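Listed below, chain by chain, are the residues.
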Amino acid sequence: MKKQQGFIFFILAAIVLVIAGVAAWFLMAIVPKVPSIDAVTDYKPKIPLRIYTADKVLIGEFGEEHRDFVPIAQIPPMMKQAVLAIEDARFYEHKGIDWTGAARALLSNVRGGFGSGGASTITMQVARNFFLSREKVLSRKLNEVMLAKKIEDALTKDQILELYMNQIYLGQRSYGFASAARSYFGKKLDQLTIAETAMLAGLPQNPARHNPAVNPKRAKLRQEQVLRRLRDLGHISEAQYAQAVAEPMRVHARPQEFGAHAQYVAELARQVVFAQYAEESYTRGIRVYTTIDSKAQEAAYASVRRNVLAYDSRHGYRGPEARIELPENDEEREEAIVEALQKRPSSDGLEPAVVLSASGKSVKVETIDGDTITISGAGLKFAAAGLSDKAKETQRIRPGAVVRITRLGKDTWSISQVPQVAAAFVALDANTGAYQALVGGFDYNLQKFNHVTQAWRQPGSAIKPFVYSAALARGYSPGTLILDEPLDMPGENAGATWSPQNDDGKFDGPITMRYSLAHSKNVPTVRLLRALEVGYTRDYLGKFGFDLARHPQNLTLALGTGAVTPLQMAGAYAVFANGGYAVKPYLISKIEDGNGSALFEEKAPAANQESARVLDARNAWVSDSMLRDVTRYGTGAAASKRLGRADIAGKTGTTSDAFDGWFAGYGGGLVAVAWMGYDDPRSLGGKEFGATLALPIWLDYMDVALARRPVVERPEPEGILRENDDWVYTEFAEMPQLRAIDIDPATLGGTGAEPTLDAEPITDDEPEGDAHPRADTVVTPEGAPVFVPKQ
């Protein structure tokens, strides 16, 4: 008996020693390492930088964590019930540790080994998310328990749940349920259906496995599990359960959807904020409000896309983007297809696909989603050259070719291609300089280079209005006659003779300045510049904000051989549009911190302040009258005809060999510039001009933007009068020496030999007279092409 009692005592002593040892280990190894819970008691969520339009449409978000902090009181009851039902049904009953659940987990761990079953409450998950790893070891679990106890002592249950629902990671870079609702469904929390709510509630357990955008089948199974728990707990009825299970899931194909296509705008705004706040820009919930109008921005984006694709279509199919070998093994073939397509992002309707089979009658392709699509009939028309037996190898469409497809109808597709040509568009309020729209290229995801602000290109004839404005300042008038006859200038071509040409090779004899600008005549413009002197005219360009260092100090200045950006051109044309005032383009109107307090605010500058005047009011008014004639009967005649307004003015521009196509113009107090060209400068085509390349972009945008803007009336300024049926400054009236350039007045006989101003409009397919073919091309260190007389 004594031996038995001794054995029992020994066992009890051993147990006590083990317990004491565990307690000592716990006190020495675990307790000291339990971190402070300041991060939860003084919670500062990482809210990303967000960029908005002036009408508060989200256009950009920057930060590693996409998060929208929502107070617990504003989280819908169904969202809270769904989360608690599947994650911690006894949350409001326990004190951070659910011992009932822990017992079940212990049995699971005994059967399957440690880590096979969990017992984490919402509070323990908060502790783990803020302070611990997800490593399944005993020490981490004990830390989790201790932290949960500290959190429960420091915060209310609602505060803990608020932390959890805003901090938890839910896939697609989304943190918190509000952000996940926007990422997956494009909705706010209070707009979710029961089915969508259950789908989100099922994500915390395993965001990768249950991600509806990536694993829709597994996500559906998890969603139904959540719905059953809601039904069993009485939060939804049997009818609601059946309806939710049957509801189809409409998950966004892309994790982030913005209200307008304005990635170039958002990036410009991001750069401004980052320059001021560095890495804090992405975590403190800063909101930036731009001057962009969302409807105008969408119109600009759609116009650029549509007209670039139209140009690309005019110039034919180039061939597949790449080619891959298609293995015989099904699994290996799928891997090869996915690998090839993942390298080529979708471009707003231009989807990459791999050709499985091809003939003159049909082409079968596979997309990155694994869908097999057969294209036939009209869908093959654009790529017919690649399906011909005589196709060049670079064009040939055969199995393994990587192509682009675009949807024609609900179940029909066509073969297409991503354009290689670049384009840009920018629109400003002509009076304040506030950006209204900006599109820096065809697709930001394919090319981040912003052509509006970064592309230095030759303006071609789009520079001519500034030369003619300089002439007005010197006393010439729109009625001044200039000789349009061959011009040979010895010594201008590196010692040889330079003979500028009109594009069509025709000469009209004596013509007026007004007619010359409207029809973009080269030789008369060179004669005018020669009369003005290059130095004076080049300096004059500085009034309009041009970088003089980028413009030549020779007569090719008249033909636009300098370098400008589309943004510079918009600012320069704004001076004509607003009556002679310089404007400073600005994009950001307000910056707020996460609490809504203003960090920066830019009020629109008062318009037409004399301190900002850079051009005589008469000069601006007369220049405007000539630019209106460009759009009425000149190279931009399609503009006034299409828009049906009297306040439309502008100028086309085409550089030599059609390397660049421009249209810069204004109306309704809005100035806009469109440009098209190749990044590696080359000809856009022998039949392409500013009127065919850029003007259509400009018109499609203005069709939308001017619908909300009244016609601008321009009152006649003081100090001008009519002379020979055109305008002249009062102080320069009756000065015959200013009424003709390179013409002997005696030869005119007072008949006014220039062509009449009511001539037939130039059609879009006629040349503008912008080119100067007797020139060579050089490239500046900045990459801008410059034309110089041939050696």
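Residues numbered from 1 in each chain as written. Predicted model: local features only at pLDDT ≥ 70, side-chain atom pairs only at ≥ 80, totals over all residues. Heavy atoms only, no water.

Asks: Quick one: what's the story with the overall build of the chain, residue by residue and with numbers?
Replies: The helix and strand tally for the chain stands at 26 helices and 27 strands. Relative to its 791 residues, the chain shows a buried fraction of 52%. Relative to all contacts within the chain whose residues are 6 or more apart in sequence, the contacts with residues 24 or more apart total 70%. With the model as given, the accessible surface of the chain reaches about 35600 Å², and the carbon-plus-sulfur share is 53%. (Helix = DSSP H or I, 4+ residues; strand = E, 2+ residues; numbered from the N terminus. Buried < 20%, exposed > 50% of the residue type's maximum accessible area, 1.4 Å probe, protein only. Contact = heavy atoms within 4.5 Å. Areas by Shrake-Rupley, 256 points an atom, 1.4 Å probe, with all protein chains shown as cover.)

Asks: Please give an account of the nonpolar core that cites residues and values.
Replies: Membership of the largest hydrophobic core comes to 89 residues, with the highest contact counts inside it found for Val-288, Val-426, Phe-466, Leu-528, Phe-544, Phe-546 and Tyr-573. For this core, the element with the highest residue contribution is helix α21 (residues 566-577), accounting for nine residues. Not counting residues up to four positions away in its chain, the partners in contact with Phe-466 are Tyr-540, Leu-541, Phe-544, Phe-546, Ala-572, Tyr-573 and Phe-576. Core analysis: the next-biggest nonpolar cluster, separate from the first, contains 44 residues, Ala-82, Tyr-164, Ala-198 and Met-199 among them. (Core = buried A, V, L, I, M, F, W, Y, C linked by side-chain atoms within 4.5 Å.)

Asks: Summarise a negative patch on the surface; cite the residues concerned and give the values.
Replies: A contiguous patch of negative charge on the surface is contributed by Glu-331, Glu-332, Glu-335 and Glu-339. Residue placement: Glu-332 occurs in helix α14 (residues 330-342). (Patch = residues over 30% accessible without salt bridge, like charges linked within 9 Å, V, L, I, M, F, W, Y side chains within 5 Å. Salt bridge = Lys/Arg side-chain N within 4 Å of Asp/Glu carboxyl O. Lys, Arg positive; Asp, Glu negative; His and termini not counted. Charge placed at Lys NZ, Arg CZ, Asp CG, Glu CD.)

Asks: Could you give me a rundown of helix α20 (residues 534-541), with the residues and numbers involved?
Replies: Within α20, the full set of buried residues consists of Val-534, Thr-537, Arg-538, Tyr-540 and Leu-541. Down the axis of α20, the buried set is contained in an arc of 155°. They therefore lie on one face. If you follow the buried residues of α20, they end up packed against α17 (464-473), α19 (522-532) and α22 (617-633). (Arc of directions from axis to C-beta.)

Asks: For the pairing of strand β21 (residues 660-667), give the residues involved together with the corresponding values.
Replies: The buried fraction of β21 amounts to eight of the eight residues, a majority that puts the element mostly inside the structure. Neither face of β21 is open: one carries Asp-660, Trp-662, Ala-664 and Tyr-666, the other Gly-661, Phe-663, Gly-665 and Gly-667, and all of them are buried. Pairing geometry for strand β20 (residues 649-654) and β21, over six bridges, is antiparallel. By the bridge assignment, Gly-650 is partnered in β21 with Gly-665. Bridge count for β21 against strand β22 (residues 670-677) is eight bridges, and the pairing is antiparallel. (Pairing = 2+ DSSP bridges.)

Asks: I'd like a rundown of the packing of helix α10 (residues 216-232) against helix α11 (residues 238-246), residues and numbers included.
Replies: When two helices pack together, their arrangement is captured by the angle between the axes and the distance separating the axes. As a packed pair, α10 and α11 sit with axes 10 Å apart at the nearest point and diverge in direction by 175°. Considered as vectors, α10 and α11 are oriented roughly antiparallel to each other. The residues of α11 that touch α10, namely those facing Lys-220, Gln-223, Glu-224, Leu-227, Arg-228 and Arg-231, are Glu-238, Tyr-241, Ala-244 and Val-245. (Axes fitted to C-alpha atoms, helices over the stretch in contact; angles between N-to-C directions. Parallel < 35°, antiparallel > 145°, perpendicular 65-115°, else oblique.)

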